[in-house]
2 protein chains.
Amino acid sequence: MTERLDPVLTSAGYLLLKAGTQFHTIIDEALTELDLTGRQFLVLTFAGSADPLSQLDLSRRLGLDPTIVVGLIDGLEARKVVRRVRDPADRRRYLLELTAAGGRLHAKAAAAVADAEREFLAPLPAADRKQLRRLLIDVMTRRLPWMGPS
Amino acid sequence: MTERLDPVLTSAGYLLLKAGTQFHTIIDEALTELDLTGRQFLVLTFAGSADPLSQLDLSRRLGLDPTIVVGLIDGLEARKVVRRVRDPADRRRYLLELTAAGGRLHAKAAAAVADAEREFLAPLPAADRKQLRRLLIDVMTRRLPWMGPS
DNA sequence: TATTGTTATACTCTATAACTATA
DNA sequence: TATAGTTATAGAGTATAACAATA
C-alpha cells in the first residue's frame with residue numbers, strides 16, 4: 001500500500017539540493033521583469049555592502065571565476081547601476097560602487113526576491129519560517145566567511 | 001562596529017541557494033572515489049525505486065532534458081549497473097532496472113552521501129537536524145510530485 | 001497523429017592560458 | 001616577482017530540431 005520511497009529522496013541533503021535549484025529558477029523568473037538574473041542581483045547586493053569590494057573579492061563571494069565577473073560587471077556598468085572606481089591605495093584594483101540608479105534597482109529586485117521567497121516558503125507557518133532561517137544560518141555561517149562572527 | 005550586512009545575505013532564500021550549490025559540490029567530491037557524479041547517483045536511486053520508471057519519467061524527476069538522460073544511462077549501462085528493458089505493455093518505452101552490481105554500488109554511494117550530509121550538518125545538534133529535514137519536507141512535498149501524500 | 005527514445009547540431013557557459021598595468 | 005583585471009580560445013554542458021519505431 002504505502003509507497004516505498006528511497007531514504008535518499010527524503011534526506012535533508014537531497015531536499016536541500018532540490019530546494020536550492022528550484023529556488024534559483026524561481027528567482028531568475030521573478031527578476032526577468034527587471035531584466036536581471038539572480039547572479040546580477042547578487043552583484044548589486046554585494047556592491048551595495050558597507051565596505052567596498054574589488055572584483056576579486058566579489059568573485060570569491062559569488063563563487064565565480066574572476067574572468068566571469070568581468071563580463072558580469074561590464075553589463076551592469078553599461079546600464080549605469082554599478083561603477084568601477086580605481087582604488088587609490090592600489091591602482092591595480094577596481095572598487096565596485098552602486099550608483100543611485102543601482103540602489104533603486106536593487107531595492108525593487110530585493111522586494112521581488114522577498115515576494116518569491118514568501119511564496120516558496122508559504123507551506124510553512126511563520127514560526128517554522130523563522131526556524132528554517134535560523135537553522136540555515138547556523139549551518140552556513142562557517143561556510144560563508146564574510147558572515148563570520150566577530 | 002557591527003558589520004552592516006544586507007538582509008538578502010541572511011535570508012532563508014539566499015542561504016538555501018548557497019547551501020544547495022555547496023552541498024552539490026561536496027556530494028560530487030564524496031562520490032569521485034566511486035567514479036560517480038551526484039547525477040548518476042540519483043539515477044541509481046530512482047532506478048532502484050519500487051515502481052519501474054521509463055527514461056521520460058526519470059528525466060522529469062531529475063529535472064533534465066530527455067536527450068541528456070540518454071547519455072547518462074548509456075554510461076551506467078556500459079558499467080552494467082543499470083539495464084534498459086523494453087516495456088511489454090508499450091514497446092516504445094524502456095523500463096530502467098538496477099542490476100545486482102548497481103544495487104551494491106548504490107548502497108556504497110548512499111553511505112558516502114550520508115557521511116557527507118552528516119558532516120555538512122555537523123553544526124546543528126541532532127534535534128535541529130531532524131527539524132531541518134522536517135521543514136524541508138514540508139516545503140518540498142508539493143514541489144516533488146512523486147513525494148505526494150496519498 | 002502523437003509519443004518514446006535517439007542522434008546531430010548549434011549555442012551557452014565556463015575554465016585555461018596569455019597579456020597589461022600596477023605593486 | 002607577484003597580483004588585479006582583461007582578452008581570446010577551447011572545452012564542457014545544454015537545448016533544438018529532426019528522425020525511427022511504436023502507439
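The sections below set out a description of the structure shown in this document. (Residues numbered from 1 in each chain as written. Chains lettered and ligands numbered in written order. Predicted model: local features only at pLDDT ≥ 70, side-chain atom pairs only at ≥ 80, totals over all residues. Heavy atoms only, no water.)

Note on the identical chains: chain B maps onto chain A by a rotation of 180 degrees and an axial translation of 0.0 Å, with an RMSD of 0.0 Å. The superposition of one copy onto the other is thereby described by a two-fold rotation axis. Relative to the rotation axis, the closest C-alpha in chain B is found at Gly-20 of chain B, a distance of 2.3 Å. (Least-squares fit on C-alpha atoms with pLDDT ≥ 70 in both.)

As a further point, take the interface of chain B and chain A. Listed by partner, the interface residues are 52 residues for chain B and 52 residues for chain A. Carbon and sulfur atoms supply 72% of the area buried between chain B and chain A, which totals about 5,100 Å² over both sides. Here chain B and chain A share two salt bridges between them. Between Asp-128 of chain A and Arg-134 of chain B there is a salt bridge, with its nearest N and O atoms 3.2 Å apart. Where chain B meets chain A, there are eight residue pairs in polar contact (both at pLDDT 80 or more). For the side of chain B that touches chain A, the secondary structure elements donating two or more residues are α1 (12–32), α2 (38–47), α3 (55–62), α5 (100–120) and α6 (126–140) of chain B. At 13 residues, α1 of chain B tops the list of elements feeding residues into the side of chain B that touches chain A. Classifying every residue of the side of chain B that touches chain A gives 30 nonpolar, nine polar and 13 charged. (Contact = heavy atoms within 4.5 Å. Buried area = accessible area lost by both parts, 1.4 Å probe. Salt bridge = Lys/Arg side-chain N within 4 Å of Asp/Glu carboxyl O. Polar contact = N/O pair within 3.5 Å; in protein donor to acceptor, adjacent residues only side chain to side chain. Helix = DSSP H or I, 4+ residues; strand = E, 2+ residues; numbered from the N terminus. Nonpolar A, V, L, I, M, F, W, Y, C, P; charged D, E, K, R; others polar.)

This brings us to the pairing of strand β3 (residues 94–98) of chain A. Relative to β3 of chain A, strand β1 (residues 53–54) of chain A is paired through two bridges, and the arrangement is antiparallel. Bridged to Leu-53 of chain A within β3 of chain A is Leu-96 of chain A. (Pairing = 2+ DSSP bridges.)

The geometry of two aromatic rings is summed up by the distance between their centres and the angle between their planes. Applying the stated rule across the entire model yields four aromatic pairs over all chains. Here the aromatic rings of Phe-23 of chain B and Phe-120 of chain B are separated by 5.2 Å at their centres, their planes lie at 55 degrees, and the arrangement is tilted. On the criterion of sequence distance, the pair formed by Phe-23 of chain B in helix α1 and Phe-120 of chain B in helix α5 is long-range, its members being 97 residues apart. Across the pair, exposure class does not vary: Phe-23 of chain B and Phe-120 of chain B are buried alike. Geometry around Tyr-94 of chain A places Arg-84 of chain A over its ring, the cationic atom sitting 5.8 Å from the centre. (Phe/Tyr/Trp six-rings, centres within 6.5 Å; stacked < 30°, edge-to-face > 60°. Buried < 20%, exposed > 50% of the residue type's maximum accessible area, 1.4 Å probe, protein only. Lys NZ or Arg CZ within 6 Å of the ring centre and 35° of its normal.)

Taken together, 16 residues sit near DNA strand C, with Arg-39 and Arg-91 of chain A together with Gln-55, Leu-56 and Arg-84 of chain B positioned nearest. Contact between DNA strand C and Arg-39 of chain A: a phosphate oxygen at 2.9 Å from a side-chain N or O atom of the residue. The contact in question runs from a phosphate oxygen of DNA strand C to an N or O atom on the backbone of Leu-56 of chain B, over 2.8 Å. For the surface near DNA strand C, the secondary structure elements donating two or more residues are α4 (66–78) of chain A together with α3, α4 (66–78) and β3 (90–98) of chain B. With three residues, the single largest contributor to the surface near DNA strand C is β3 of chain B. (Near = heavy atom within 4 Å.)

Right, let's talk about the environment of Leu-15 of chain B for a bit. Its place among the elements puts Leu-15 of chain B in helix α1. Sequence-distant contacts of Leu-15 of chain B, that is, excluding residues within four places in its chain, are made with Arg-133, Leu-136, Ile-137, Met-140, Leu-144 and Met-147 of chain A together with Leu-9 and Thr-10 of chain B.

Right, let's get into the nonpolar core. If you look at the biggest cluster of nonpolar residues, it comprises 94 residues, and the most contacted ones within it are Leu-31 of chain A together with Leu-31 of chain B. Apart from residues no more than four positions distant in its own chain, Leu-31 of chain A is found in contact with Leu-36, Thr-37, Gly-38, Phe-41, Ala-109, Ala-112 and Val-113 of chain A. (Core = buried A, V, L, I, M, F, W, Y, C linked by side-chain atoms within 4.5 Å.)

Taken together, 16 residues lie around DNA strand D, and Gln-55, Leu-56, Arg-84 and Arg-92 of chain A together with Arg-91 of chain B are the ones closest in. Each atom of DNA strand D within 4 Å of the protein was classed as base or backbone; sugar and phosphate made up 75%. Between DNA strand D and Leu-56 of chain A there is a distance of 2.7 Å, counted from a phosphate oxygen to a backbone nitrogen or oxygen. Contributions of two or more residues to the surface near DNA strand D are made by α3 (55–62) and α4 of chain A together with α4 and β3 of chain B.

Function cannot be inferred from these measures alone, as they are strictly geometric.
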